[in-house]
Structure formats: C-alpha cells, structure tokens
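One letter stands for each residue in the lines below.
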There are 2 protein chains.
Amino acid sequence: MQIDDYITLVRQDMLPFQWEALNDRVAEAEPSYSIANFRNAACKTGDYCGTIWQDSDMAKWLEAVGHSLACVWDEDLYRKAEQAVELIVAAQDEDGYINTYFTLKEPGERWHNVEQCHELYCAGHLIEAAVAYFLGTGRRKLLAALCRYADYIDSVFGPEEGKLHGYPGHEEIELALCKLYRVTGEKRYLKLAEYFIDIRGTEPNFFLEQRKARGFTTRWPDDFMPLSYFQAHKPVREQAEAVGHAVRAVYLYAGMADVAHYNRDEALIRACHALWNDVTTRQMYITGAVGSALKGEAFTVDYHLPNDRAYAETCAAVGLVFFARRMMELDAANSIYGDVMERTLYNSVLSSFGLEGRSFFYTNPQEAYHGVCGKPMGEGDPALSHVKVIRQKWYGCACCPPNAARLLASLQQYSVSFDEKRDVLRYQVFLPGEQTQEGAFGSIRFRTDTHYPWDGRIAVTVLACDLKPDVDFALRIPAWAKGIVTDTALPEGAVRVVEEGFFRVRCAFKPGDVILLTLPMTVRITRTHPAVRADAGMVALERGPLVYCLEQRDNPTQLYRLMLSKADMDTIQARKDDTFGGTVMLTGQAHAFQTPGDAGLYHGQAAVVGKTQFTAIPYFQWSNRGETDMQIWIREQF
Amino acid sequence: MQIDDYITLVRQDMLPFQWEALNDRVAEAEPSYSIANFRNAACKTGDYCGTIWQDSDMAKWLEAVGHSLACVWDEDLYRKAEQAVELIVAAQDEDGYINTYFTLKEPGERWHNVEQCHELYCAGHLIEAAVAYFLGTGRRKLLAALCRYADYIDSVFGPEEGKLHGYPGHEEIELALCKLYRVTGEKRYLKLAEYFIDIRGTEPNFFLEQRKARGFTTRWPDDFMPLSYFQAHKPVREQAEAVGHAVRAVYLYAGMADVAHYNRDEALIRACHALWNDVTTRQMYITGAVGSALKGEAFTVDYHLPNDRAYAETCAAVGLVFFARRMMELDAANSIYGDVMERTLYNSVLSSFGLEGRSFFYTNPQEAYHGVCGKPMGEGDPALSHVKVIRQKWYGCACCPPNAARLLASLQQYSVSFDEKRDVLRYQVFLPGEQTQEGAFGSIRFRTDTHYPWDGRIAVTVLACDLKPDVDFALRIPAWAKGIVTDTALPEGAVRVVEEGFFRVRCAFKPGDVILLTLPMTVRITRTHPAVRADAGMVALERGPLVYCLEQRDNPTQLYRLMLSKADMDTIQARKDDTFGGTVMLTGQAHAFQTPGDAGLYHGQAAVVGKTQFTAIPYFQWSNRGETDMQIWIREQF
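As the structure is a computational prediction, the values presented were derived from the model and not from experiment.

Conventions adopted
Residues numbered from 1 in each chain as written. Chains lettered and ligands numbered in written order. Predicted model: local features only at pLDDT ≥ 70, side-chain atom pairs only at ≥ 80, totals over all residues. Heavy atoms only, no water. Domains from an automatic or database assignment. Contact = heavy atoms within 4.5 Å. Buried area = accessible area lost by both parts, 1.4 Å probe. Salt bridge = Lys/Arg side-chain N within 4 Å of Asp/Glu carboxyl O. Polar contact = N/O pair within 3.5 Å; in protein donor to acceptor, adjacent residues only side chain to side chain. Least-squares fit on C-alpha atoms with pLDDT ≥ 70 in both. 1 Å grid on protein atoms, 1.4 Å probe; cavity = no way out; pocket = protein on both sides within 12 Å on 5 of 7 lines; lining within 4 Å. Points joined across faces, edges and corners; volume = space filled by probe spheres on them. Nonpolar A, V, L, I, M, F, W, Y, C, P; charged D, E, K, R; others polar. Helix = DSSP H or I, 4+ residues; strand = E, 2+ residues; numbered from the N terminus. Phe/Tyr/Trp six-rings, centres within 6.5 Å; stacked < 30°, edge-to-face > 60°. Buried < 20%, exposed > 50% of the residue type's maximum accessible area, 1.4 Å probe, protein only. pLDDT = per-residue confidence, 0-100. Pairing = 2+ DSSP bridges. Axes fitted to C-alpha atoms, helices over the stretch in contact; angles between N-to-C directions. Expected span 1.5 Å × (residues − 1). Parallel < 35°, antiparallel > 145°, perpendicular 65-115°, else oblique. Left-handed = near helix turned anticlockwise from the far one by under 90°.

**Student:** Go over the domain arrangement of chain A, please, and point to the residues and values.
**Tutor:** All names here are of chain A. Assigned domains within chain A: domain 1 (1-191 + 374-410), domain 2 (419-518) and domain 3 (523-636). Centre-to-centre, using C-alpha coordinates, domain 1 lies 40 Å away from domain 3. Taken residue by residue, the interface counts six residues in domain 1 and eight residues in domain 3. Between domain 1 and domain 3 the total buried area reaches about 650 Å² when both faces are included, carbon and sulfur atoms providing 42% of it. Looking only at domain 1, the three residues that lose the most surface to domain 3 are Met1, Val389 and Arg391, adding up to 69% of its buried area. For the pair domain 1 and domain 3, the number of links is zero salt bridges. Counting every contact that joins domain 1 to domain 3 gives four residue pairs in polar contact (both at pLDDT 80 or more).

**Student:** Now, about the interface of chain A and chain B: what can you tell me, with residues and values included?
**Tutor:** Each partner contributes to the interface: chain A provides 68 residues, whereas chain B provides 68 residues. Summed over both partners, the interface of chain A with chain B comes to about 5,100 Å²; 61% of that surface belongs to carbon and sulfur atoms. The three residues of chain A that bury the most area against chain B are Leu601(A), Tyr602(A) and Phe638(A), which together make up 17% of that side's buried surface. Between the two partners, chain A and chain B, sit six salt bridges. Notably, a salt bridge pairs Arg533(B) with Glu367(A), separated by 3.2 Å at the nearest N-O pair.

**Student:** Could you give an account of the relation of the copies chain A and chain B, with specific residues and numbers?
**Tutor:** For the pair chain A and chain B, the superposition axis carries a translation of 0.0 Å, the fit reaches an RMSD of 0.0 Å, and the rotation angle comes to 180°. The transformation relating the two chain copies, once decomposed into turn and shift, fits a two-fold axis. A shared binding surface is used by both copies, with 100% of the interface residues of chain A retained as interface residues in chain B.

**Student:** Help me get a handle on empty space enclosed by the protein, residues and values and all.
**Tutor:** This model, assessed by the stated rule, comprises six cavities of 30 Å³ or more. A volume near 110 Å³ is recorded for the largest cavity. Considering only residue class, the lining of the largest cavity consists of eight nonpolar, five polar and two charged.

**Student:** Lay out the environment of Gln116(B) with the relevant residues and their values.
**Tutor:** Residue and element names in this part refer to chain B. Looking at the element boundaries, Gln116 is found in helix H6 (residues 114-117). Along the chain, Gln116 and Phe230 lie 114 residues apart, while their C-alpha atoms are 9.9 Å from each other. Not counting residues up to four positions away in its chain, the partners in contact with Gln116 are Ile52, Arg214, Thr217, Thr218, Arg219, Trp220 and Phe224.

**Student:** Just give me the short version of the packing of aromatic side chains, but keep the residues and values in it.
**Tutor:** All names here are of chain A. The full count for this structure, using the stated rule, is 80 aromatic pairs over all chains. Judged by centre distance (6.2 Å) and plane angle (35°), the ring pair of Trp454 and Phe620 falls under tilted. Placement of the pair is Trp454 in the loop between strand E5 (442-450) and strand E6 (457-467) and Phe620 in the loop between strand E19 (608-618) and strand E20 (630-631), with a sequence separation of 166 residues. Of the two residues examined, Trp454 and Phe620, each falls in the buried class.

**Student:** Could you give an account of unusual backbone geometry, naming the residues involved and the relevant values?
**Tutor:** The linkage connecting Glu203(A) with the following residue, Pro204(A), adopts the cis geometry, with an omega of -10°. Take Pro204(A): it is sitting in the loop between helix H10 (187-199) and helix H11 (206-213). Here the amide bond leading from Tyr452(B) into Pro453(B) is cis, since omega sits at 5°, within 30 degrees of zero. Note that Pro453(B) resides in the loop between strand E5 (442-450) and strand E6 (457-467). Its identity is not glycine, yet Phe580(B) carries a phi of approximately 60°, on the positive side.

**Student:** I'd like to hear about the confidence of the model for chain A, residue by residue, with values.
**Tutor:** Averaged over every residue, the pLDDT of chain A is 95; the share at 70 or more is 99%. Per the prediction output, this complex has pTM 0.95; the corresponding ipTM is 0.95.

**Student:** Account for the sheet that holds strand E9 (residues 495-497) of chain B, with residues named and values stated.
**Tutor:** All names here are of chain B. The strand order E2-E3-E7-E10-E9 describes an open sheet built from five strands, whose pairing is mixed. The strands lining the two open edges of the sheet, one partner per strand, are strand E2 (416-419) and E9. Strand-to-strand twist in this sheet, taken as the mean axis angle between neighbours without regard to direction, amounts to 30°. Examined bridge by bridge, strand E3 (residues 424-427) and strand E7 (residues 472-476) share four bridges and lie parallel to one another. Looking across to E7, one finds that Val424 is bridged to Asp472.

**Student:** Hey, could you go over helix H7 (residues 119-137) of chain B for me, with residue numbers and the actual values?
**Tutor:** Three- or four-residue spacings in an α-helix give side chains the same orientation, since the helix completes a turn every 3.6 residues. Residue and element names in this part refer to chain B. Here H7 is 19 residues long and its end C-alpha atoms lie 27 Å apart, about the 27 Å a rise of 1.5 Å per residue gives. For H7, the tally of buried residues reaches 18 of 19 residues, placing the bulk of the element in the interior. A positive phi of about 80° marks Gly138, the residue just after H7.

**Student:** Explain the pairing of strand E12 (residues 523-528) of chain A to me, and be specific about the residues and the numbers.
**Tutor:** Counted residue by residue, E12(A) has five buried out of six residues, so it is predominantly covered. Relative to strand E13 (residues 538-543) of chain A, E12(A) runs antiparallel, the two sharing four bridges. In the strand pairing of E13(A), Thr526(A) is matched with Ala540(A). Sheet topology note: the E12(A)/strand E18 (residues 602-603) of chain B ladder contains two bridges and is antiparallel. Among the inter-strand pairings, Thr528(A) is bridged to a residue of E18(B), identified as Tyr602(B).

**Student:** Please provide a residue-by-residue account of the packing of helix H2 (residues 34-43) of chain A against helix H4 (residues 75-90) of chain A, values included.
**Tutor:** Residue and element names in this part refer to chain A. Packing of H2 against H4 brings their axes to within 8 Å, and their N-to-C directions diverge by 45°. Classified by the angle between their axes, H2 and H4 sit oblique to one another. Crossing geometry of H2 relative to H4 is assigned as left-handed. Taken together, the residues of H4 that come into contact with H2 (itself represented by Ile35, Phe38, Arg39 and Ala42) are Leu87, Ile88 and Ala90. Tallied by class, the residues present in the contact of H2 with H4 amount to six nonpolar, no polar and one charged.

**Student:** Residues and numbers for the side chain of Glu128(B), please.
**Tutor:** All names here are of chain B. Of note, Glu128 is situated in helix H7. Within the structure, the side chain of Glu128 is placed 2.7 Å from the side chain of Arg406, a separation counted as a polar contact. Discounting residues that sit within four places of it in the chain, Glu128 has contacts with Glu63, Glu172, Leu175, Ala176, Lys179 and Arg406.

**Student:** Report on the environment of Cys147(B), specifying residues and quantitative values.
**Tutor:** All names here are of chain B. Topologically, Cys147 is positioned in helix H8 (residues 141-156). The class for Cys147 is buried, based on a relative accessible area of 14%. A C-alpha to C-alpha distance of 35 Å links Cys147 and Asn334, two positions 187 residues apart in sequence. When near neighbours in sequence (up to four residues on either side) are disregarded, Cys147 contacts Leu180, Thr184 and Tyr189.

**Student:** Please give an account of the pattern of salt bridges that cites residues and values.
**Tutor:** All names here are of chain B. All told, the structure shown has 98 salt bridges over all chains when counted by the stated rule. In this structure, the salt-bridge partner of Glu160 is Lys163, at a minimum N-O distance of 3.2 Å. Here Arg504 makes a salt bridge to Asp472, at a shortest N to O gap of 2.7 Å. You can see Arg504 sitting in strand E10 (residues 502-506) and its partner Asp472 sitting in strand E7, a full 32 residues away along the chain. Judged on exposure class, the residue Arg504 and its partner Asp472 are both buried.

**Student:** Before we move on, can you summarise the sheet that holds strand E3 (residues 424-427) of chain A with the specific residues and values?
**Tutor:** Residue and element names in this part refer to chain A. Strand order in this open sheet of five strands is E2-E3-E7-E10-E9, and the pairing throughout is mixed. Two strands close off the open sheet at either side, each with one partner strand: strand E2 (416-419) and strand E9 (495-497). Strand after strand, the sheet turns through a mean of 30° between neighbouring axes, direction not considered. In this structure, strand E7 (residues 472-476) lies alongside strand E10 (residues 502-506), joined through four bridges in antiparallel fashion. Looking across to E10, one finds that Arg476 is bridged to Phe502.

**Student:** Give me the packing of helix H9 (residues 173-184) of chain A against H10(A): which residues, what numbers.
**Tutor:** Residue and element names in this part refer to chain A. Closest axis-to-axis distance for the H9/H10 pair is 7 Å, and the angle between their directions is 160°. In this view, H9 runs roughly antiparallel relative to H10, as classed from their interaxial angle. H10 is crossed by H9, and the crossing has left-handed handedness. Side by side, H9 and H10 meet where Ile173, Glu174, Leu177, Cys178, Leu180, Tyr181 and Thr184 of the first sit next to Lys187, Tyr189, Leu190, Leu192, Ala193, Phe196 and Ile197 of the second.

**Student:** Hey, could you go over the pairing of E2(A) for me, with residue numbers and the actual values?
**Tutor:** All names here are of chain A. Neither face of E2 is exposed, since Val416 and Phe418 on one face and Ser417 and Asp419 on the opposite face are all buried. Where E2 and E3 come together, four bridges link them in antiparallel fashion. Bridged to Val416 within E3 is Tyr427. Hairpin connection from E2 to E3: four residues lie between these consecutive antiparallel strands, with Asp423 at a positive phi of about 55°.

Here you go:
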C-alpha cells in the first residue's frame, strides 16, 4: 500500500465505518453518542452522553468528508454528510451558539469554566468542518451557521470591556478562525485568533481568575492541572519549550504560525521557530510522535523519550503535521518541515490505522511487550496499561481516528507549498496519482508516478500548466537522501537550480513534460543525540521515509537480546514481500547475548554471544498479525 | 558504619526523632497526627486527621521501642513509650475495641468495610507493639489491653453463625496473632490467625459481599481494586504467584508461614514455598526490594523488574524479611532464607534511611535520574514522580520509617535460628557485638568481632554457654561465597560438620572458645535470568552482601553511556574510604560510547567508543551527598 491507497481507504472504508460508529451502530465498539447528542440538542430534549467534547468527533468526521469530496465525489458520503449538517444547524441556538453538552445539560453555564469545558475547542472543530465542507461541496449552509457562531464568540471574547478576557482551555479555534478568515475574507476572525493567542498566559491569569470566581469547582476528579498543561504559564511569545498536553500545544503552535504568517509578525515567528526546534530536535520520537507522558498526555523534558511507556497520541502527531505545514509557509526555502511532516505521516499517522482501516491506535507504542502492556489493573504492568498492542475498534474518547482521517483526506493540501519570495512551487509530500494545485502561483495539474515509499523513483508528468511566469517547480529532497539524487531527467530546455533540500527546476512547463528523480533507498542506521538516554547505544533502521521495527513473530531471538555489530549492519538486505498488501522487509545477520536460565534470578555466570538472523518490518505496518512484541531500537554491539 | 551502628542509630536518633514526628513537632515534616488522634480518642472528642491507618504509625514506633529496650535500656525512650501506652489504653472502648478513626469519626461503622478500612491491620500492629513492649519491659498493661481487643475481634470474626466470615483488607493481624499466641500461650489467637488465612479468597467472596451489602460505597476515589490486590482472588493454599499490593502480600505470606509452622500444616507449607520461590526467584530486585508497580504498590508479573520506575516500597522489603525469617523455621537447613534476608536488609532496608537517621525513602529507586524523577506534575516525567532522589523528613502516610526502625531494633531476633530436626543453632545474620540467645536449644552468649560487611573475617567468641547436649553451632556461608571460606579456626577439640550453606561446628563449647571464618570479599559481576528484560545485557557489581551503584558525581561519563568489557571487569579494585562514615568503594576501567551532540536528534553518524574510569559506591549509601543520578546496572560490552 502507498499513501494514496490510504486516502482511498479513508474514503471507502474509514469514513463510512466512522459514520456507523458515530451513530452507535458498531457492535464491538464503545458507543460514540456524538450524533445522538446533536439529535437531542436539535429537539432541546433528551440526554447528553460521552465526554464534554463529544461534538468534535462528528465535526472531524464531517471535515474529513469535506476534504474527501474535494478530491473525489462520493454520493453516499455526501448524503451522510448532509444529514450531519442538518443536525448541526438544527442544534444551533438562536444566538448562534452550538454545543450539545451545554444546550442539553447546563444551558446557564456557558463560558463559566473555559479552562475545562472544551466549548471553544468544539467550536474550532465545527468551524474547520464548515470550511472544508464548503470547499468540498460549495454548500454554504454550514459555513453560514458557523460564521454566526464565530460572530457570537467574537461578541463574548475580546479586549473590550464587558467581554471575557480569556482563551480556550484546549487550543484549536485559533487555527480554525484563520481558516474561516481565509475562506470568508472576514478580518474579525483573524483578529479574534490573534487575540486568543496574545492574551494566553498573561497576568492576571484568566484560568486562575475563573477558578476563583466559580469557587474552585472542577469537572475532573484530579486536582487542577498546572498552567503549563494549557501552555498558559506565560505569554506565548515568551515560550521556547514545548510543555503540557501535547495536542493542545501543537494546535496552539499551528495557530500561532498561521497568525504570524498573516500578520507578518516577526516576534511571533521567532516564538514559532523556538517551539518548532524544541519539539522536533529535542522532544520527538523517531516515528515523529510527540508527547511522551501518559499523565497529562504531555511533553516532558528535553531529550526524555522513554520508549516503553511512550504516550505518543495519534492526535498529537496529526497536530505536528498541522504545525509543520504552517512552518513551511513561514520558512519556505527550508526542507526540514517537509522532512518532519513525512516522518510523522509515514510512521506515526499511518501506524494509527489497522490495514483494514477499521481499527485504531489512540496511543502509538514505540516499544511493546504484550505480556505486560495494555492489561487491566491486576494483570501486566499498570504503568503500561495505556500501551495497547492491538488496535481497537473505537474509543469512548474517539478524538484520534477521525483526526487522522481528516488529515489523510486533505493530504493534497499538504502536498505542495508556494515560496512567494523565491517564486518556487515546492512539491513537499509526494502523492502518487493526479493532483491539481492552484494558488498565487497560478495553477498546475500533474501526475506522480512512483512506488514511493517502497522505491525512490519519482516521475512527475505535467498534465496542464498555467503557472505564473518565472515560477520554478521543486521536489523536496529529504534530508535522509543527503542531497543524493540519481537517474534524473528534466524537460527539454529546463535547467536545475542549485538549492539545498530541493530538486528545483526552471522551465516553461507544458503538458507532457516530465521531471524524474530517484532518491537513494539504502537502509540507514540511525542513532540519537547523546542526551537521549532511552536510545543510547541503540540503533534504528530506516529506509526512505520509513522507520523499521522488529516484531517478535519474525525473529527467533528475543528482541531485547539482539545486537547489531558494524559487520552485521553491512549484511542488511531489503526484500519486497506481499505481506500487508505489499511491503519491503529488512533482513540481516545479528548477534544475541544469552545468560543461563537455570542459574537463578541473579548469578555470577557469564553471558554468551552468538550469531542469529533478524527481520524488520516497516513500523507503520506493525500489529497487523495479532499480538506480538515490538521494538524499534536495537542494541548496538560495540 | 556497620549494622550494629544502625541499631544504635535507631535507638539514639531515629526513635526520639520519630517520637517528635508522631507528636507533630518536626517543623519541616508533614504532620503525623498519630498521637493527637489517640489523645482525642481517649477523651472521645476532637478531630481525627491523617489516613485511616494512622494508628499503626504509633504502634510500629512503640514496637520498635520495645525491641530496643530488650537490648539496651534507655530511660528516656521508656518514659516516652509509657506515655504512648497510656494513650492507647485510654483510647480503648469498653468492649475492647481500639481504633481512633472509628471511635472519633464513625463509631457506628465498625467492620462495615473491612476491605478498605484497615481496622484489622491497625489491630495487628497494636498487638505486635504490645508483645514487643511486654518482652522488652515486662510491663503487662498494654498486653492485657490488646488481649482484650483480640478477644473482642475473636467474638466478631470466625466460622460460627452470627460472626463475620471475613478477613482483613490489609493483612498483618495474622502474624501478630501468632506472636500473641507465642507470648500468652492462648490457642484461640492461633486459631483466629488460621481462620483469617483459610477463609481468605474463598467463595462467596467476603469483600464482594460486603461491597454489595453497603451499596458499593467506597472510601477511595479510584474504582474498587481487583481481588488479587488483596490476595483474595482464590484460597491462599492455591496461590503460587505473588500478586497485588506487595506489603499486603508479604505480610500474609509471613502469617501463613507462622501458622504452617505451629500447625505443621504440610499443604500450607507447600503454598509458602511456592510463593517464596515466586517472590525471590522471579519478582525481586537485586537489592531485595519487591513490588515494582506504583499503581497498587504491587507485584506485576514474573521477571518484570523495570528499574526506572521501580516502586520497591521500604515496607515491602521489611515484610520480605519477616517472611524470610519464618521460612527459615520451616526449612531450617536451607541457607537461602538468610541470603535473601541479608540481601534485603543490607541493601533495601538500610538504603531507606539517610546516614543521619532522620530522613527516609518510602520508595527505593533502583535507578534515578534527578532531572526527570521525583518532580511535581508539569515538571520532569510524571511516570517517575514517585521516584524520589532525596530522602524526605517524614510522610503523611508514614508507614515505612517506623517499620524499618522496628526491624532494625529487633535484629537480634533475626540473627539466629534453631534447626530442631538436626539440633543446630544457626547464626544467620551476623551482628557485630554481644548477643544472648535463648530457646529450645538452651542459651548462649557470644560476641561477634567483625568488620562485616566491609571485611569477610568473622570471629565468634563464646562468652557463656548453656546449650543442650549435641547442639551444634553453625555460621551461614552466604551463597555468594560459593562455599569458599578461608582462614578458619575452631575451638580445641571441635570438628567441622560438612553441610551445604553453613560452617557447622560440633563442640562442647565453653567460654573463650572462638570460631573464626573468613568469607571471600571479592568483587562479583552479577547478571540476571535471561527473562529479565530490564537488566538484559547489563551487569551489577556486588561485594559481600552489598550491591553497588554508580552515582554521577563520582563518574566523569554519563552513567548510561558506560560499559564494562570483560577486561574492564578484571581491573576493578576495592578501596576503603572515609566517606559516609566509612565505606568500601569500587573503581576500575570502563568503556563509554558517544554519539555526536551536533548531528541532530536522529542522525546517521557512527558512535565512538573510548576508555574511561568508573567509581561505584554501596547502594545503601547512595543519595547522601545531594541530588545526583544513580544506576545499579551497567551495560556489558560484548
């Protein structure tokens, strides 16, 4: 399977399946209640069920449908989506407010506990859904409803006297308002996003004031979270370390980058760079996952990336892709954002789905021992109970499956970026098949022929071209290629412009022109920064954008006893295989150490080292053959 | 410092300090409330503060005083203890019941939630205190009060109709009732202990029945614990795996071994052996600590012994010593119980105290990185917040400090055991100084001259001897000595009887006789069973009964980058040092691997291996020089 197969899987399987889940019609899954809540809110009667942010699950699904319809029309999906739209619009209150929890359960309690109640978070997702659905279908009904809601929110929050000087407990609406601004041209939406970003973490602290005002009531059994959990411990422009809840953090950073971009706000751009660097050069797993801690689903501290208990939530990976996409706009000539986007997409995001598209990881294990992981209290290790070794059908808190779906469905929006300063249209994430891209650069329709990520050959054929004069076309050369491209071809009369990180072509493109380049798909031995204790003295195997892992079922030796010497590394072979609907496996010689099993728990007997073989599979394809142990990092034999 | 110095420290520093803590007079410590609660209960008025088991803190302290007074009279301690006795007796209800929580807060709620309310647990500790205080002082007042309480409990629990067919939520009273039986000769106490053990885990389950009867009210914010948490998932005779809360478990096993011993109950003896084997050959850290999981303070599964997040509660180590002492009675010719006792005592129990005797570890880290451990939410790694790198002054739940104190104060009771079957008095735990031992074997007074554990030379001089005819005297030869003893000497006319695990001497002992043996204090390289993933490919250093560790402050290279090759291991030297009031440090050559710090988080650059030096200190002396990183296990270079 290639990335476009996943996009098809989203349309054909995931979205119909998730619709059933949202309607509580999947027998083996936890009920969602999301549609039932909207139906009840529309009648202003009946129960509310699920978490307080349950509305966002339907919103993310609807957004994904909008993206999907923009690429490929699907009448069945469209009809389902129209039902959802009708429900949302019917659930809107007269003043524009949409939130099924407060409408049904506590109509008088709106905005009293912005820190914990996810009202602005759900609003953000509904706005994103409305924008995507409008762009995918041209239908304005939902967009109009969400503009009314955004107008209402704008009347509640803001610097003016009488308004709440507050900001969301869970960031999301910032980037959503920027999308709404882009599609409507209404500056007030951008201004409100800017306000939410600038007021965040200032003194007196809004959350602390609200806690006091409501007598310190809390919706959670735990104590109040520290302000850093919400990235509200200091003004965002002063933040240089990623802290707190990882999804909140990356959504905020994406919103910051949006606002910085539209306002050309240099101070905010600097803050975005600092946070980007912290996330991606000090707090990111090799799979592109972020947020190592279960408690608080949070970032911890620089270089602390424990593999065994990694939280690595799917939503945080999705949010990191959002952040990367926006950093690309701010720093257009740098290929690093595409590198991180690709790392996260091909490893963390894809691994969150089962091959059949109907099972999901909420957290993405970076190592898994099935005898101790993912067990209920009283079995296994309770510190690893969140580390599931088998994907689940659905979740009570189902933020992740529709989140990954909406990202995949919208992948064409991540595929290219336009570097206005240098007049370069940059092809960042290679998508097999045809795509049309339009923007300030003009428009271009092209087809990508490639077996990427299995093969490094990428051929781009221009199908139709109406680019503005002097706009170059560039293909990202991933950092792992170390600038090496082979077997290249350019259209007649084209020249290659030397530029780091990109294969940049200057040409008067016409239909039929082909740009070809081949990336080196050698197996790479990857090591970490010396401060990363969890991976110290270990190596990971990578090939192209894919991180590899060992599954116990393919290996005769317990994974934690395997070692690779330098000579072993030289024996590694890549081999095509039909497993998982197509894959490339790695095999090679390894060493293994062994201590005697009959000498007791602690003993003085020597360890013996012998030779063995190993097989590695792409990380994103793991756990598709039943329960087994999994490890990415392999001990290096020095 | 040697073990007898610790016993002196308990008497001179810990017990007076803990008395201040129990009286809430230690400024920097969390209040105990324990004495205030007794004072209020005596007047039947005022508040109750602290956990529901707060009474046990004072009971453990009083028990420790009893043990201490049995060895060395201390008028000041005695006067303090008399105040405690008066308070306890005054707090006793007319029917014999003693529990300050229920007396003050919920007098009508006795025994309604035996699973969660610790009534029988506190009763057990008060009984142990009364027995020890009687044996140490000859004073009967507290003993009489606790006999009344035990009689009352016997009227509440038992197989007869109208009684509760139940057992404690936290085991402890079983072993306490056996002590009370031993000192009073009253068989009803033994029978009640036996009842608590035999009814445990039978159907219908008592805890489940009580939950139902009280409408599933719970005292804890968490859900109900699984029955395995209380070792109540099946009858104890059918249990072969240590599960659930570790302190509960080892206290139960100790009580089982007591009852098995008194009743010569072969089926129960078999269960004790199975559980002993599981705990000590599959679930024990190298320091003798048990209970790896924070959540539930619990055992996990066989061979799962993560170092970084080890819970390893002090109380569980203390309880393992209790269990070992009783297994010694059941299986008298086997030296393994003394080995485990010594491992736990010299490493886990001693490490729980600061050198000054006034700071304490509740959990005992098996590895500690101060940048991520022991931090509040929002700093460091929340999965390691329980891993304190500095001992605290006191705890709100202060079960551990007085528990370790009572063990050390009673160490002479762990020093020898009598093997009735073979007529051998076995010297199991070497205690420098004089001791008198009396029992079925007669009596003997002897002095031990030794610098153990720093030095392997142990000289036992008989001071007075009234042993029964044909009773041999044997010194345990620890398993780590591999049967090698050198520089031995026997009294004139004595012969050594060949016996595995002991240096057994047959002699008509008379005052002035000296038995001398020298144990080989070489540095040992220890590895684990191959199923222990956490220590795979690692070595630990041991010398005599001491496990060693690395503190970062003594080592120029980050601990996790250190490696020991076989050649490095041959360079290790033991060196006497004055640090910590006397120690033996280990130094030697090591290797270290290094990856470049400027190549990014993930990179393709090679690791470089170089030579370095390392210094190790005894584990029990760690964290006495401020915050630093600590590691026991060192990577082996293959």
